[in-house]
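For reference, the chains in residue letters:
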Amino acid sequence: MGKPYSQACENNKGPILDVLKVRLGGSRRLLEIGSGTGQHAVYFAALLPHLHWQTSDRLENHAGINAWIDDFPAANLHRPICFTVGLDKWPDGGFDTVFTANTTHIMQVPEAKLMMQMVAENLTDNGVFCQYGPFNIDGQYTSDSNQAFDQHLLSQGFGGIRDIAELQSWVAGSGLTLMQRIQMPANNQLLVWQKLI
């Protein structure tokens, strides 16, 4: 059986890396929420050697992530831990950075809200949260394809695309502040948050 593979990961890893290189130069310990296939982790960890990259996901995805790590090991890349928002407590590790890609719209709304609040509560002071995926702006879809994708997500029982203002409202007063919104390929965005003190 081959490794799990996501074409979307291959398509977006370069543009995401360009941002991570700029924003995470001073970071040391990163938690990836929802490592999925593991493709992002092996790619980013190899090119960000200063950063300890901790993968995490549901147990059923660990074999695939480990298969990628077996083929592309790195001293700073750590095998997955079990972490599901809404089921598990925040992992130990004193993480000064969190990264997640294409998870927020898959989660149910209460889980997406809880993820934002857990990041706000547990990220170290001045820590950075990079959140990639499709997001709405001021109640509007950014493309017709995103609207169609959202309707598909909802029909499949997923939580759907969230509005950036909604995300901000969930962490109001916590110090987690949206610092940058970067347009990415395929009508996605990379939101860069920071835990201001």
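Structure's up top.
This one's a predicted model, so the numbers in the text were calculated from it and none came from an experiment.

Asker: Before we go on, may I ask you to explain the layout of surface pockets in this structure?
Answerer: One water molecule sets the probe size; rolling that probe over the atoms shows where empty space is left. In this structure, the largest pocket encloses a volume near 620 Å³. Looking at the largest pocket, it is lined by 25 residues, and the ones nearest its centre are Gly34, Asp57, Asn102, Thr103 and Ile106. Elements with a contribution of two residues or more to the lining of the largest pocket: helix H1 (7–23) and strand S1 (29–33). Residue composition of the lining of the largest pocket, by class: ten nonpolar, eleven polar and four charged.

Asker: Help me understand the state of the cysteines, please; the structure alone is not making it clear to me.
Answerer: Disulfides are covalent bonds that connect the sulfur atoms of two cysteines. Scanning the model with the defined rule gives zero disulfides in all. Cys82 takes part in no disulfide bond, and the closest cysteine sulfur, belonging to Cys9, lies 20 Å away. Its sulfur unpaired, Cys130 is 16 Å from the next cysteine sulfur, which belongs to Cys9. Look at Cys130 and you get buried, because its relative accessible area is 0%.

Asker: Hey, could you run me through the environment of Asp144 in this one?
Answerer: Within the secondary structure, Asp144 sits in helix H5 (residues 144–155). Asp144 sits 23 residues away from Leu167 along the chain, and the two C-alpha atoms are 22 Å apart.

Asker: What should I look at first to understand the nonpolar core in this one?
Answerer: Most often, soluble globular proteins have nonpolar side chains that are buried together. In terms of nonpolar packing, the biggest core is built from 26 residues, with Leu20, Phe44, Trp53, Phe99 and Cys130 touching the most fellow members. Setting aside chain neighbours within four positions, we find Trp53 in contact with Leu20, Leu30, Glu32, Ala41, Phe44, Ala45, Leu48, Asn76, Leu77, His78 and Phe99. Counting 24 residues, the second largest nonpolar core, distinct from the first, contains Ile33, Met116, Leu176 and Trp193.

Asker: Help me understand the sheet that holds S1, please; the structure alone is not making it clear to me.
Answerer: Sheet strands pair by backbone hydrogen bonding; their relative direction is either parallel or antiparallel. Here we have seven strands laid out as an open sheet, ordered S3-S2-S1-S4-S5-S7-S6, and mixed in their pairing. Here the strands that pair on one side only, and so sit at the sheet edges, are strand S3 (77–82) and strand S6 (176–184). Each strand axis lies, on average, 20 degrees off the axis of its neighbour in the sheet, ignoring direction. Taken together, the four bridges between S1 and strand S4 (residues 97–101) define a ladder with parallel strand orientation. By the bridge assignment for S4, Ile33 is matched with Thr100. In the packing of helix H2 (residues 39–47) onto the sheet, contacts are made with S1, strand S2 (52–57), S3 and S4, and the angle to S2 comes to roughly 175 degrees. Seen against the sheet, helix H3 (residues 62–71) touches S2 and S3 and runs at an angle of roughly 175 degrees to S3.

Asker: Is there a simple way to think about H2 in this case?
Answerer: Within H2 the residues assigned to the buried category are Gln39, His40, Ala41, Val42, Phe44 and Ala45. Looking at the packing, one finds that the buried side of H2 touches H1, S1, S2, H3, S3 and S4.

Procedures and definitions
- Residues numbered from 1 in each chain as written.
- Predicted model: local features only at pLDDT ≥ 70, side-chain atom pairs only at ≥ 80, totals over all residues.
- Heavy atoms only, no water.
- 1 Å grid on protein atoms, 1.4 Å probe; cavity = no way out; pocket = protein on both sides within 12 Å on 5 of 7 lines; lining within 4 Å.
- Points joined across faces, edges and corners; volume = space filled by probe spheres on them.
- Helix = DSSP H or I, 4+ residues; strand = E, 2+ residues; numbered from the N terminus.
- Nonpolar A, V, L, I, M, F, W, Y, C, P; charged D, E, K, R; others polar.
- Disulfide = S-S within 2.5 Å.
- Buried < 20%, exposed > 50% of the residue type's maximum accessible area, 1.4 Å probe, protein only.
- Core = buried A, V, L, I, M, F, W, Y, C linked by side-chain atoms within 4.5 Å.
- Contact = heavy atoms within 4.5 Å.
- Pairing = 2+ DSSP bridges.
- Axes fitted to C-alpha atoms, helices over the stretch in contact; angles between N-to-C directions.

Treat this as a map of the structure, not an account of what it does.
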